Amino acid sequence: MATHLAAVNHSKGQPFVVRPRPTPKPGPGELLIAVKSVALNPADHIMSDTGLFVSVYPTVIGFDMAGLVLEVGEGVPTSAADSASAIFFQPGLTRVAAYGAFFWRSSNPDYGPFQEQCLVPWQHAVPLPEGISWSHAATLPVSVQVPLSAWDALGIPRLGESPKKHEGNKEALLIWGASSSVGTMGVQAAKLLRDDTGSAFAAVYATAGSANRDYVRSLGADRVFDYKDPNVVDAITAAAREDGLAIRHCFLAIGDITSCQAVLKASLAQDKEVGTAKIASAPVIPADLDTVDGVETMFLMPSAVEEERLEQFRYWLGTWLRTNLEKGTVRPSPDPTVVGKGLEAINAGLDRLRQGVSCTKLVVEIAE
């Protein structure tokens, strides 16, 4: 039986142990990927430390990866002729970025990216254009999935699907925590919404630390506010008033949800036509969070229904990301920091992530 190396999680709170495990064969609709790089996310060390989302041990976890398609299962499109969306995968040739599916496979270790070979549904993968490195590609899946799922949760029409041309744009879309990985991609995605024909959005507002404000502007934010400013809520609401805009949609990438509530509450008081305001939160919403009249909060997760989730990922990665990478309208952001080579580097990488990082994505290179 063929084997490969994996960074195995034997129990919560314990470091990963690198050991061999059997190499699986892809089932219907699946790819077997030779993992070249993985990107580290806060959810990774939370799962490792607390067992969140882990239903059985030992297991292999992770979300973000880039690699080479080795084998395909039955029903996977392998040429343009059998693909309705121009997405297809050729064993030994197709380079992909992919989003791990172990969470939806009951913690089955075959589906965790922290190993040399990993299974993934083909809808969770996107073929890569020429010129993008493994490490840059590994930063993409989660950073794209989270803000695009925010737009869906907030009820924002997808690109090109706005029902009508708005007579004068009236809204600013707020990205809180815009120098995080999902925040930087959120700014890029919000810029595309702002520029979309028929969009209700006239501006992208963002918060970031002072050291990262110029970078966030370079990604497409019209105004960037220092989240450390004790008067940041007043500064945002004053800017919206000056611009003649309402704020009723907020994507919380990272940071203080109560500050987001305060901004939306002020916008509601300022403009009685705003109606219900909404916050889509990447961090788990605190159980003791106070409610604010007229402000709805929602935690972001892909659908628990298999068919719906696969369709979501096929759009988020296979349509939106592929199209915008090819057009050059989005780029991997922020730049990766390679923290080591080989599976043994994952423990040290997660230790560094626990200490906190800003405006970078930590990456471990698994293979050349």
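Each chain carries its own residue numbering, running from 1 in the written order of its sequence. Local features in this predicted model are restricted to residues of pLDDT 70 or higher, and side-chain atom pairs are both shown and tallied only at a pLDDT of 80 or more, whereas totals for entire chains, interfaces and linings draw on every residue. Here the side-chain values reflect all heavy atoms present in the structure, with hydrogen atoms and water set aside.

Going by an unreviewed UniProt entry, the protein chain carries the name Chaperonin 10-like protein and comes from Stachybotrys elegans. UniProt positions are given in the numbering used here, feature names are shortened, and annotations may be inferred rather than shown by experiment. The UniProt entry for the protein chain carries the following text under Sequence similarities (unreviewed entry): "Belongs to the zinc-containing alcohol dehydrogenase family."

Where helices and strands are cited, they refer to DSSP runs of H or I of at least four residues and of E of at least two residues respectively, numbered from the N terminus. Each helix and strand counted, the protein chain has 9 helices and 15 strands in total. Taken along the three principal axes of its C-alpha coordinates, the protein chain extends 65 × 50 × 35 Å. In the protein chain, which comprises 368 residues, the share counted as buried stands at 56%. The contacts of the protein chain with a sequence gap of at least 6 include a subset with a gap of at least 24, amounting to 72%. Residue exposure (1.4 Å probe, protein chains only): buried if accessible area is under 20% of the type maximum, exposed if over 50%, otherwise partly exposed. A contact between two residues is defined here by any heavy atoms of the two lying within 4.5 Å.

A helix is expected to reach a length of 1.5 Å times the quantity of its residues less one. If you check helix α3 (residues 140–154), its first and last C-alpha atoms are 22 Å apart, about what 15 residues at 1.5 Å a residue would give, namely 21 Å. Taking burial as the measure, the 15 residues of α3 include 13 buried ones, the bulk of the element. Looking at the residues trailing α3, positive phi occurs at Gly155, about 80°.

Turning next to the pairing of strand β15 (residues 361–365). β15 sits mainly inside the fold: 4 of its 5 residues count as buried. Criterion used throughout: strands pair if DSSP finds at least two bridges between them. Judged from the 3 bridges that link them, strand β3 (residues 30–39) and β15 form a sheet pairing that is antiparallel. Paired with Ala39 across the bridge in β15 is Val363. Pairing between strand β14 (residues 336–341) and β15: 5 bridges, direction parallel. Across the sheet, Val338 pairs through a bridge with Val363, a residue of β15. As a crossover connection, the stretch from β14 through helix α9 (residues 345–354) into β15 is right-handed. Convention used here: a crossover is right-handed provided that the path from the first strand, over the helix, to the second strand proceeds clockwise when the strands point away from the viewer.

Bringing the sheet that holds strand β9 (residues 201–208) into the picture now. Read across the sheet, 6 strands follow the order β10-β9-β8-β11-β12-β13 without closing on themselves; strand pairing throughout is parallel. The outermost strands of the open sheet, each flanked by one partner alone, are β10 (223–226) and β13 (295–299). This sheet shows a mean twist of 20° between the axes of neighbouring strands, independent of strand direction. Bridge count between strand β8 (residues 171–176) and strand β11 (residues 246–252): 5 bridges; the pairing is parallel. Paired with Leu174 across the bridge in β11 is Cys250. Against the sheet, α3 engages β8, β11, β12 (277–281) and β13, with an angle of about 140° to β11. With respect to the sheet, helix α4 (residues 181–195) is in contact with β8, β9 and β11, its orientation differing from that of β9 by roughly 165°. Think of each axis as a best-fit line through the C-alpha atoms, taken over the contacting stretch in the case of a helix, with angles from 0 to 180 degrees between the N-to-C directions.

Take the environment of Ile366 next. One can find Ile366 in the segment after β15. For Ile366, a relative accessible area of 12% translates into the label buried. Dropping the residues within four chain positions of it, Ile366 is found in contact with Val35, Lys36, Ser37, Val38, Gln115, Glu116, Gly342 and Leu343.

The subject of this paragraph is unusual backbone geometry. As a rule of thumb, non-glycine residues mostly have phi less than zero, and peptide bonds are mostly trans rather than cis. The omega torsion across Tyr57 and Pro58 is -10°, close enough to zero to call that bond cis. When you line up the elements, Pro58 lands in the loop between α1 (42–50) and β4 (64–72). Cis geometry marks the peptide bond from Ser333 to Pro334, where omega comes out at -15°. As for its placement among the helices and strands, Pro334 is situated in the loop between α8 (306–327) and β14. Although it is not a glycine, Ser106 adopts a positive phi angle of roughly 55°. Tracing the chain through its elements places Ser106 in the loop between β5 (95–99) and β6 (117–121). With a phi close to 65°, Ser107 is a non-glycine residue in the positive phi region. Tracing the backbone shows Ser107 in the loop between β5 and β6.

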